[in-house]
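Here is how the chains run, residue by residue.
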Amino acid sequence: MKIGVYPGTFDPITHGHTDIIRRSLRVFDKVIVAVALSPTKRPMFDLAERVDMVRLVTKELAHVDVEAFQGLLVDFVRDRGARAVIRGLRAISDFEYEFQMALVNRKLAEGFETVFLTPSEEYTYLTSSIIKEVASLGGRLDAFVHPLVGARLFGRRGTKVS
Ligand code: ADP
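Residues numbered from 1 in each chain as written. Predicted model: local features only at pLDDT ≥ 70, side-chain atom pairs only at ≥ 80, totals over all residues. Heavy atoms only, no water.

1. Thoughts on the overall build of the protein
No. 1: In terms of regular secondary structure, the protein is built from six helices and five strands.
No. 2: Along the protein, helices and strands appear, N-terminal first, in the series β-α-β-α-β-α-β-α-β-α-α.
No. 3: Viewed in the frame of its principal axes, the protein has a C-alpha envelope of about 45 × 30 × 30 Å.
No. 4: The proportion of buried residues among the 162 residues of the protein is 44%.
No. 5: In the protein, of all internal contacts separated by at least 6 residues, the share reaching a separation of at least 24 is 76%.
No. 6: With the model as given, the accessible surface of the protein reaches about 9,200 Å², and the carbon-plus-sulfur share is 53%.
No. 7: Here the protein holds 23 positive side-chain charges and 20 negative ones, and the gap between their average locations is 2 Å. (Helix = DSSP H or I, 4+ residues; strand = E, 2+ residues; numbered from the N terminus. Buried < 20%, exposed > 50% of the residue type's maximum accessible area, 1.4 Å probe, protein only. Contact = heavy atoms within 4.5 Å. Areas by Shrake-Rupley, 256 points an atom, 1.4 Å probe, with all protein chains shown as cover. Lys, Arg positive; Asp, Glu negative; His and termini not counted. Charge placed at Lys NZ, Arg CZ, Asp CG, Glu CD.)

2. Brief notes about the site of the ligand
No. 1: Looking at the ligand, there are 16 residues lining it, with Tyr 6, Thr 9, Lys 41, Gly 88 and Tyr 123 nearest.
No. 2: Taking Thr 9, its side chain carries an N or O atom lying 2.5 Å from an oxygen atom of the ligand.
No. 3: One of the side-chain N or O atoms of Lys 41 is found 2.4 Å from an oxygen atom in the ligand.
No. 4: In isolation the ligand exposes 550 Å². Once the protein is present, 90% of that is buried.
No. 5: Here the ligand occupies the largest pocket.
No. 6: For the shell around the ligand, the secondary-structure elements that each account for two or more residues are strand 1 (3-8), helix 1 (15-24) and strand 4 (84-88). (Near = heavy atom within 4 Å. Polar contact = N/O pair within 3.5 Å; in protein donor to acceptor, adjacent residues only side chain to side chain. 1 Å grid on protein atoms, 1.4 Å probe; cavity = no way out; pocket = protein on both sides within 12 Å on 5 of 7 lines; lining within 4 Å. Sits in = over half its atoms within 2 Å of the grid points.)

3. What about the sheet that holds strand 4?
No. 1: The parallel open sheet is built from five strands, whose spatial order is 3-2-1-4-5. At either end of the open sheet lies a strand with only one pairing partner, and these are strand 3 (64-69) and strand 5 (113-117). Direction aside, neighbouring strands of the sheet carry axes that sit 30° apart on average.
No. 2: Two elements, strand 4 and strand 5, share five bridges in a ladder whose sense is parallel. (Pairing = 2+ DSSP bridges. Axes fitted to C-alpha atoms, helices over the stretch in contact; angles between N-to-C directions.)

Given below as structure tokens:
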């Protein structure tokens, strides 16, 4: 069975992330969404909330597991018996960081592969940060996130966006 791991902060999950998960399912038999603790990013939502939102949004999708993770990605990938890590590439601006990460991970674990997928054009501009900004200013969120995620963001209005 070909297992892919899709790691990220998912603070919160957007339609761009979901698009990548759907595309991954055409390539892998099973996709594990690995929600990272990411303390240096100082997420708006704590780890349990982020995992919960990814579970809610992906509950209709077969062959998707959602797990919290911290520590080294290469260890997580090896422990799950996964073939590759999935990352989304939206624009050239993502490239440098993603390229660096892919090569560092390959140095850490021989045979580690990263698969890059591009989302539908309508999501190429979408980032969790911009969504939090829109939410904090009271903007409509339905084009960007699942309604349940929108409701949680709405509940956080007034929270400082870092
Ligand atoms: P990280 O902290 O790992 O960058 P993110 O949740 O910001 O976590 O992103 C996780 C992955 O999803 C990254 O590979 C990122 O490029 C990708 N991604 C985020 N938003 C989109 C989007 N709108 N379209 C496609 N890929 C995306």
